[in-house]
There are 2 protein chains.
Amino acid sequence: MDDICHAIADATRRAILDELVQRDGQTLFELCGRLTMKHGISSSRQAISQHLDVLESAGLVIARREGRYKFHWFNGEPLKAITQRWPTKGR
Amino acid sequence: MDDICHAIADATRRAILDELVQRDGQTLFELCGRLTMKHGISSSRQAISQHLDVLESAGLVIARREGRYKFHWFNGEPLKAITQRWPTKGR
DNA sequence: TTGACAGGCAAGCCCAGACTTGCCTATACT
DNA sequence: AGTATAGGCAAGTCTGGGCTTGCCTGTCAA
């Protein structure tokens, strides 16, 4: 729970999730490009990589390495824990 | 959105929300006592007060002053924005 | 009106975490 | 083999924010 909330607390990480929702299975470099183009985020590759690590350990991103590429998928399941913990009275 | 995610990113603030869900309309001192007793949180009154400010500006807590007391209520509405932003595929 | 009680304000401390920099590994192409 | 590409690792910097400290304001009861 701590991991999940901490993961979405950063604006860049939220943008990464947005990007993955829009186009699943992106690589690190692909994400860097799209984040710069479409979200106005100009962080270094390492910064994005570190964000992906955070998202991955929170379970919000699933990653798999294939050859020299590493693909990333969005996973929204962990987010359920938030609305399950506190009542939103009529979603 | 930034306010909401930032607000729930802290464990103490999540405990405050838990407490308010369990017993709505608590005062600052009441919350301090209960957080110490039931959640093992031993922060100062000022710390809790600052947390309440954060929660209030995120819209997760509604507060009203009455005489020398200030009562706090939980409000889960803003949390909807999270699950509405990203798909959780079959809640 | 004076004391106790509920809360607010503001300055400062300190550390987690976001970001950079520099270098290294591994895979693929020619 | 050599080079380019995709990504990883680790150390260092620096700012935001959580927390404390000290003092002040406002409300109520005796």
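Residues numbered from 1 in each chain as written. Chains lettered and ligands numbered in written order. Predicted model: local features only at pLDDT ≥ 70, side-chain atom pairs only at ≥ 80, totals over all residues. Heavy atoms only, no water.

1. Observations concerning the protein's contact with DNA strand D
Phase 1 of the analysis: Not every one of the 21 residues close to DNA strand D is listed here, only the nearest: Phe29 and Arg45 of chain A together with Ser44, Gln50 and His51 of chain B.
Phase 2 of the analysis: A distance of 2.3 Å separates a phosphate oxygen of DNA strand D from a polar side-chain atom of His51 of chain B.
Phase 3 of the analysis: Only helix 3 (28-39), helix 4 (45-57) and strand 2 (69-74) of chain A together with helix 4 (45-57) of chain B provide two or more residues apiece to the surface near DNA strand D.
Phase 4 of the analysis: Top contributing element to the surface near DNA strand D by residue count: helix 4 of chain B, with 4 residues.
Phase 5 of the analysis: Tallied by class, residues from the surface near DNA strand D come to 4 nonpolar, 10 polar and 7 charged. (Near = heavy atom within 4 Å. Polar contact = N/O pair within 3.5 Å; in protein donor to acceptor, adjacent residues only side chain to side chain. Helix = DSSP H or I, 4+ residues; strand = E, 2+ residues; numbered from the N terminus. Nonpolar A, V, L, I, M, F, W, Y, C, P; charged D, E, K, R; others polar.)

2. With respect to the side chain of Arg14 of chain A
Phase 1 of the analysis: Tracing the backbone through its elements, the reader meets Arg14 of chain A in helix 2 (residues 11-22).
Phase 2 of the analysis: By relative accessible area, Arg14 of chain A is classed as buried at 5%.
Phase 3 of the analysis: At 2.8 Å, the side chain of Arg14 of chain A and the backbone oxygen of Ile8 of chain A are in polar contact.
Phase 4 of the analysis: Residues in contact with Arg14 of chain A, not counting those within four places in the same chain, are Ile8 and Ala9 of chain A together with Met1, Asp2, Cys5, Arg85 and Trp86 of chain B. (Buried < 20%, exposed > 50% of the residue type's maximum accessible area, 1.4 Å probe, protein only. Contact = heavy atoms within 4.5 Å.)

3. What about the protein's contact with DNA strand C?
Phase 1 of the analysis: Near DNA strand C you find 21 residues, and of these Ser44, Gln50 and His51 of chain A together with Phe29 and Arg45 of chain B are the closest.
Phase 2 of the analysis: Across the atoms of DNA strand C situated within 4 Å of the protein, the share located in sugar and phosphate is 64%.
Phase 3 of the analysis: At 2.8 Å, a side-chain N or O of Ser44 of chain A approaches a phosphate oxygen of DNA strand C.
Phase 4 of the analysis: At 3.2 Å, a backbone N or O of Lys70 of chain B approaches a phosphate oxygen of DNA strand C.
Phase 5 of the analysis: Of all the secondary-structure elements, those providing two or more residues to the surface near DNA strand C are helix 4 of chain A together with helix 3 (28-39), helix 4 and strand 2 (69-74) of chain B.

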